[in-house]
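Chain by chain, the residues:
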Amino acid sequence: GHAEGRGVGNEIRGGDGVDGKQRFVVLEALLRLRQAACHEGLLDRKLHAAPSAKFEELLPRLEDLAAEGHKALVFSQFTSLLDLLEPQLHQRKLVFERLDGRTKNRAARVERFQQDPACPVFLISLKAGGFGLNLTAASYVFLLDPWWNPAVEMQAIDRAHRIGQRSTVHAYRIVARGTVEERVLELQDKKRGLYEAIL
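Here the structure is a predicted model, which means the values were calculated and not measured. (Residues numbered from 1 in each chain as written. Predicted model: local features only at pLDDT ≥ 70, side-chain atom pairs only at ≥ 80, totals over all residues. Heavy atoms only, no water.)

Draft legend 1. Fine view of the overall build of the chain. Along the chain, the regular secondary structure elements total 7 helices and 5 strands. What you see in the chain, going N to C, is helices and strands ordered as α-α-α-β-α-β-α-β-β-α-β-α. Every one of the 199 residues in the chain was classed for burial, and the buried ones make up 40%. The long-range share in the chain, meaning contacts at least 24 apart out of those at least 6 apart in sequence, stands at 69%. Summed over all atoms, the accessible surface of the chain reaches about 11400 Å², with 53% contributed by carbon and sulfur. (Helix = DSSP H or I, 4+ residues; strand = E, 2+ residues; numbered from the N terminus. Buried < 20%, exposed > 50% of the residue type's maximum accessible area, 1.4 Å probe, protein only. Contact = heavy atoms within 4.5 Å. Areas by Shrake-Rupley, 256 points an atom, 1.4 Å probe, with all protein chains shown as cover.)

Spelled out as structure tokens, the structure:
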């Protein structure tokens, strides 16, 4: 990931002014940096089987929670990251449901997660899971990657923290230290401060 990061940094620094094309280069570079912070396999298919620090942090927690009878929501803005997580869940015999923009039978998947004690994990893309979901069976929420707008993350957490929720909801953000994700969190703090000042 380091060589990729240096190349992206050079692209961002290149050029004198910022025209439309350069803005696109900057946004594309930021996207790649955010993907690199999640898993190298998002940048290079040959690295799909590479270890992921985020998965190493997440998977033991999911196993422990499932063993204790808890349910968890796992959000990512990258459906490709959820694709890489799925075989890891299969390997650990963790039963799961998934919802993203391509999911057709949303209600059936939600119903299974809500009602089936044998299904402890729900993988959800951040955008697809923002509205209209009541997932009170979950008492744990994991956000695999920070989103620019903190309100979007709060909407995701609110899927579990709804009317009818009888348990405390624990939300965790899994952030890669020393990466662009830390800058995203700084931006979140600034936006959050602005919201609070206005309200």
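Draft legend 2. Examining helix α4 (residues 79-91) more closely. Across its 13 residues, α4 extends 19 Å between first and last C-alpha, which sits within 8% of the 18 Å expected from 1.5 Å per residue. Regarding α4, the residues found buried are Leu81, Leu82, Leu84, Leu85 and Leu89. Looking at the buried positions of α4, the neighbouring elements they touch are α2 (20-38), α3 (53-67), β1 (72-76), β2 (96-99) and β3 (121-125). Among the residues trailing α4, Lys93 stands out with phi positive, at a value near 55 degrees. (Expected span 1.5 Å × (residues − 1).)

Draft legend 3. Up close: the sheet that holds β3. Overall, parallel pairing links the 5 strands, which are arranged β2-β3-β1-β4-β5 in an open sheet. Where the open sheet ends on each side, the last strands, each with one partner, are β2 and β5 (170-173). Taking the axes of each pair of neighbouring strands and ignoring which way they run, one obtains an average angle of 15 degrees across the sheet. Relative to β5, strand β4 (residues 140-143) is paired through 4 bridges, and the arrangement is parallel. (Pairing = 2+ DSSP bridges. Axes fitted to C-alpha atoms, helices over the stretch in contact; angles between N-to-C directions.)

Draft legend 4. A look at the confidence of the model for the chain. For the chain, per-residue confidence averages 86 on the pLDDT scale, and 88% of positions sit at 70 or higher. Mean pLDDT in the chain bottoms out at helix α1 (residues 2-13), which sits at 48, and peaks at α3, which reaches 97. Taken together, the stretch residues 1-6 has pLDDT below 50 and engages in 4 contacts with residues farther than four places along the chain or on a different chain. (pLDDT = per-residue confidence, 0-100.)

Draft legend 5. Fine view of the nonpolar core. With 23 residues, the main nonpolar core has Leu58, Leu62, Val74, Leu85, Leu89, Leu123 and Phe142 as its most contacted residues. In this structure, Leu99, Val110, Ile124 and Ala138 belong to the second largest nonpolar core, which totals 20 residues. (Core = buried A, V, L, I, M, F, W, Y, C linked by side-chain atoms within 4.5 Å.)

Draft legend 6. A look at the packing of α3 against α4. One can describe the packing of α3 onto α4 by two numbers: an axis separation of 12 Å at closest approach and a directional angle of 45 degrees. Classified by the interaxial angle, the pair formed by α3 and α4 is oblique. Pair α3 / α4 crosses with right-handed handedness. Within the contact between the two elements, α3 uses Phe55, Leu58, Leu59 and Leu62 and α4 uses Leu81, Leu84, Leu85, Gln88 and Leu89. Here the residues of the contact of α3 with α4 sort into 8 nonpolar, 1 polar and no charged. (Parallel < 35°, antiparallel > 145°, perpendicular 65-115°, else oblique. Left-handed = near helix turned anticlockwise from the far one by under 90°. Nonpolar A, V, L, I, M, F, W, Y, C, P; charged D, E, K, R; others polar.)

Draft legend 7. Representation of the pattern of salt bridges. For the structure on display, the rule yields 11 salt bridges. One salt bridge in this structure joins Arg109 and Glu97, with 3.4 Å as the shortest N-O distance. Of this pair, Arg109 sits in helix α5 (residues 106-115) while Glu97 is found in strand β2, placing the two residues 12 residues apart along the sequence. With a relative accessible area of 10%, Glu97 lands in the buried category. (Salt bridge = Lys/Arg side-chain N within 4 Å of Asp/Glu carboxyl O.)

Draft legend 8. Looking closely at the side chain of Asp145. With respect to the helices, strands and loops of the structure, Asp145 is situated in the loop between β4 and α6 (150-157). As a buried residue without a salt bridge, Asp145 has its nearest oppositely charged side chain in Lys54, at a separation of 5.5 Å. A distance of 2.6 Å separates a polar atom in the side chain of Asp145 from a polar atom in the side chain of Ser76. Apart from the residues within four sequence positions on either side, Asp145 is in contact with Cys38, Lys54, Ser76, Gln77, Phe78, Leu81, Glu153, Ile174 and Glu181. (Lys, Arg positive; Asp, Glu negative; His and termini not counted. Polar contact = N/O pair within 3.5 Å; in protein donor to acceptor, adjacent residues only side chain to side chain.)

Draft legend 9. Main features of the packing of aromatic side chains. Scanning the entire structure with this criterion turns up 3 aromatic pairs. Seen from their ring centres, Phe113 and Phe122 are 5.2 Å apart, and the 50 degrees between their planes marks the pair as tilted. With respect to burial, Phe113 and Phe122 carry one shared label: buried. Ring geometry for Phe142 versus Tyr172: centroids 5.4 Å apart, planes at 15 degrees, classification stacked. Of the two residues, Phe142 sits in strand β4 while Tyr172 sits in strand β5, which places them 30 residues apart along the sequence. Among the aromatic residues, ring-to-ring pairing joins Tyr140, Phe142 and Tyr172 into one connected group. The cationic tip of Arg61 hangs over the ring face of Tyr172; the distance from NZ or CZ to the ring centre is 5.3 Å. A cation sits over an aromatic face here: Lys71 above Phe113, 4.7 Å from the ring centre. (Phe/Tyr/Trp six-rings, centres within 6.5 Å; stacked < 30°, edge-to-face > 60°. Lys NZ or Arg CZ within 6 Å of the ring centre and 35° of its normal.)

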